[in-house]
Amino acid sequence: MASIVAVIASTHHPFYYRASTSTGEDRPPFADEWTRKILAFRETLTRADPDVLVMVGSDHFHQLWLDNMPQFLVGKAPFYDANWYNEEREFGLPRMTLKGQEDLSAHILRAGLDEGFDLAFSNELRIDHSITCPIITLRPEADLPIVPIYTNIFAPPLPRPTRFVQLGAAIRTIIEQWPSHLRVAVIGTGHLSLELGGPRQFGPHGPDPAFDEKAVGWIADGDLDGCLREVTLDSLHAPGNATHGFMDFMLMMGVAGAGVKADYVDTFDLFHTMEAYFTWYPSARGGAR
Amino acid sequence: MSKYLLNKFLFTVDRDPELVERYREDPRELVTWWESTMANSLLNCHSGEASTWLGFTPEEREALIAHDHVRLFAMGSHPFLTLTLFIAMFERDNTGPLEYQKAYGAALAGFSLPYPDIAT
């Protein structure tokens, strides 16, 4: 059976690529520290030596639209083109093409449906920065095949937080039952407190540092009980109007397992948002091959 | 009121560089053209079929023509769509980093929780 060699949860900050590659006067003062943290975070994936990446993210109204909106969607394609004109325009993100691990996509879809998750699928999916940001930060070679999984954290009505956790736990089991010798890393990105297009956007810190501190504690400790006690669809409006992206962190807590502390935790207090980076090694097999 | 149609306008204009420029330069022309030609297009569908019932209210049309992101926020248009398109149109006029983004947020200072409902 396949082994899960790393579980990684991260924020996805579309400004990282430009900040880390800029030079001279264009280079922001926080770029060196940010790059140092990302390189250390990248090492946590590199040392797990994965063969395949399952990537959890959320389409930002690029391919998925309100006339036909899935709640959870699994890509099943041999290739995924990546990044869109408006991400090139606003963030300077490069176009990419990633290989797909189609047999794992098929396995996740079949087993997910059998487990009671009515997963949508796509045979032609252009992925966006929720998945390419962690490629850029964690595996810039972009050389490993992926299975993209999209969640709806964006267009209400949304699934409730519990459902994200349940799906994460199911993904863990389903991958571990995949009849393959390959080493799989599961990488998901979301947000801590975040405001986009509202009065609290682009402040000197994230819109709700107290929420961020609590959220980092929940994730680092694997404290799903504490997290689920406080986090609801309604409560997530308070820390910032885009904070429902935190539910992708909750999904990754489901993958990592209740009560399982992260093996690696780091944060970076930036303008606009708190960056947060977590890695779990689910088994002793998570080390060198 | 059709939050969906406001969002559809923002979504389709934002993804087309030519429409972004037309909306910046002559919003009345672009909004009028869009409503008469694009409002009823089925986006994720083969061509040859269209919807028959979508149109702006006068208030929605005027908010779009006025580039009034505060009124669009009040009407419950999706904040991410509005922000992304408006940054595309106006960030280029910045004289300092994030100047437009901060002014955009400051113009919304009159809103407190709960914000207008964005469910469609």
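Quick notes on the rules
- The residue count restarts for each chain, going from 1 along the sequence in the order it is written.
- Chains and ligands are labelled sequentially in the order written, the chains with letters from A and the ligands with numbers from 1.
- This being a predicted model, a pLDDT of at least 70 is required before a residue's local features are given, and a value of 80 or more before pairs of side-chain atoms are given or counted; all residues contribute to the totals for chains, interfaces and linings.
- By definition, any uninterrupted DSSP run of H or I lasting at least four residues is a helix, any uninterrupted run of E lasting at least two residues is a strand, and each is numbered from the N terminus.
- Buried, partly exposed and exposed are defined by the number of other C-beta atoms within 10 Å of a residue's own C-beta, namely 20 or more, between the two limits, and 12 or fewer respectively, with C-beta atoms placed from the backbone.
- Any two strands with at least two DSSP bridges between them are considered paired.
- The angle between two axes is taken between their N-to-C directions and runs from 0 to 180 degrees, where each axis is a line fitted to C-alpha atoms and a helix contributes only its stretch in contact.
- When an angle is under 35 degrees it counts as roughly parallel; over 145 it counts as roughly antiparallel; between 65 and 115 it counts as roughly perpendicular; any other value is oblique.
- The sense of a crossing depends on the near helix, which, turned anticlockwise from the far helix by less than a right angle, makes the crossing left-handed and, turned clockwise, makes it right-handed.
- Whether two residues are in contact depends on their C-beta atoms, placed from the backbone: they are in contact if these lie within 7 Å.
- Under the convention adopted here, Pro, Cys and the residues Ala, Val, Leu, Ile, Met, Phe, Trp and Tyr are nonpolar, Asp, Glu, Lys and Arg are charged, and Gly plus all remaining residues are polar.
- Each nonpolar core consists of buried Ala, Val, Leu, Ile, Met, Phe, Trp, Tyr and Cys residues. Their C-beta atoms, within 7 Å, join them into a set.
- The arc in question is the one spanned by the directions pointing from the helix axis to the C-beta atoms.
- Here a helix's expected span is defined as the number of its residues, less one, multiplied by 1.5 Å.

1. Looking at the overall build of chain A
- Scanning chain A from N- to C-terminus turns up 9 helices and 10 strands.
- Projected onto the principal axes, the alpha-carbon positions of chain A cover approximately 50 × 40 × 40 Å.

2. Things to note about the overall build of chain B
- Assigned secondary structure in chain B consists of 7 helices and 0 strands.
- If you list the helices and strands of chain B from N to C, you get α-α-α-α-α-α-α.
- Dimensions of chain B, computed from C-alpha atoms along their principal axes, come out at roughly 45 × 35 × 25 Å.
- Looking at chain B as a whole, 28% of its 120 residues are labelled buried.

3. Considering the sheet that holds strand β3 (residues 72-75) of chain A
All names here are of chain A.
- Read across the sheet, 8 strands follow the order β6-β3-β7-β2-β8-β1-β10-β9 without closing on themselves; strand pairing throughout is mixed. Only two strands of the sheet have a single partner each, and these edge strands are β6 (120-122) and β9 (264-269). Averaged over neighbouring strand pairs, the angle between their axes works out to 15 degrees when direction is ignored.
- As paired elements, strand β2 (residues 52-57) and strand β8 (residues 183-190) share 5 bridges and run parallel to each other. For Val52, the partnering residue across the bridge sits in β8 and is Val184.

4. Looking at the packing of helix α4 (residues 102-114) of chain A against helix α6 (residues 161-176) of chain A
Residues and elements named next belong to chain A.
- Closest axis-to-axis distance for the α4/α6 pair is 10 Å, and the angle between their directions is 125 degrees. As summarised for this structure, α4 and α6 are arranged oblique, according to the angle between their axes. Crossing angle aside, the handedness with which α4 passes α6 is right-handed. Across the interface between the two elements, His107, Ile108, Ala111 and Gly112 of α4 pack against Ala170, Ile171 and Ile174 of α6.
- Counted by class, the contact of α4 with α6 contains 5 nonpolar, 2 polar and no charged residues.

5. Observations concerning the nonpolar core
All names here are of chain A.
- Counting 104 residues, the largest nonpolar core has Ala185 and Val186 as its most contacted members.
- For this core, the leading source of residues is helix α9 (residues 246-256), giving 9 residues.
- Contacts of Ala185, omitting those with residues within four sequence positions, involve Val5, Ala6, Ile8, Leu45, Ala48, Pro50 and Leu53.

6. Structural notes on the pairing of strand β7 (residues 146-151) of chain A
All names here are of chain A.
- Within β7, 6 of the 6 residues are buried, which leaves it mostly tucked inside the rest of the structure.
- Here 5 bridges tie β2 to β7, and the two strands are oriented parallel to one another. Its bridge partner being in β7, Met55 is matched across the sheet by Pro148.
- Alignment of β3 against β7, held across 3 bridges, turns out to be antiparallel. The residue of β7 that forms the bridge with Val74 is Ile149.

7. Digging into helix α4 (residues 58-65) of chain B
All names here are of chain B.
- Among all positions of α4, only Glu60, Ala63 and Leu64 are buried. On an axial view of α4, the arc spanned by its buried residues comes to 95 degrees, and they lie on one face.
- Residues of α4 that are buried sit in contact with α1 (3-14), α3 (27-37) and α5 (69-74).
- His67, located one to two residues past α4, shows a positive phi value of around 50 degrees.

8. Let's talk about helix α6 (residues 79-90) of chain B
- For α6 of chain B, which comprises 12 residues, the first-to-last C-alpha distance of 16 Å matches the rise-based estimate of 16 Å (1.5 Å per residue) to within 8%.
- Where burial is concerned, most of α6 of chain B is hidden: 10 out of the 12 residues are buried.
- Turning to α6 of chain B, its buried residues number three or more, namely Pro79, Phe80, Leu81, Thr82, Leu83, Thr84, Leu85, Phe86, Ile87 and Ala88 of chain B.
- Summarising the contacts, the buried residues of α6 of chain B are in contact with α3 (85-91) of chain A together with α1, α2 (17-25), α5 and α7 (99-106) of chain B.

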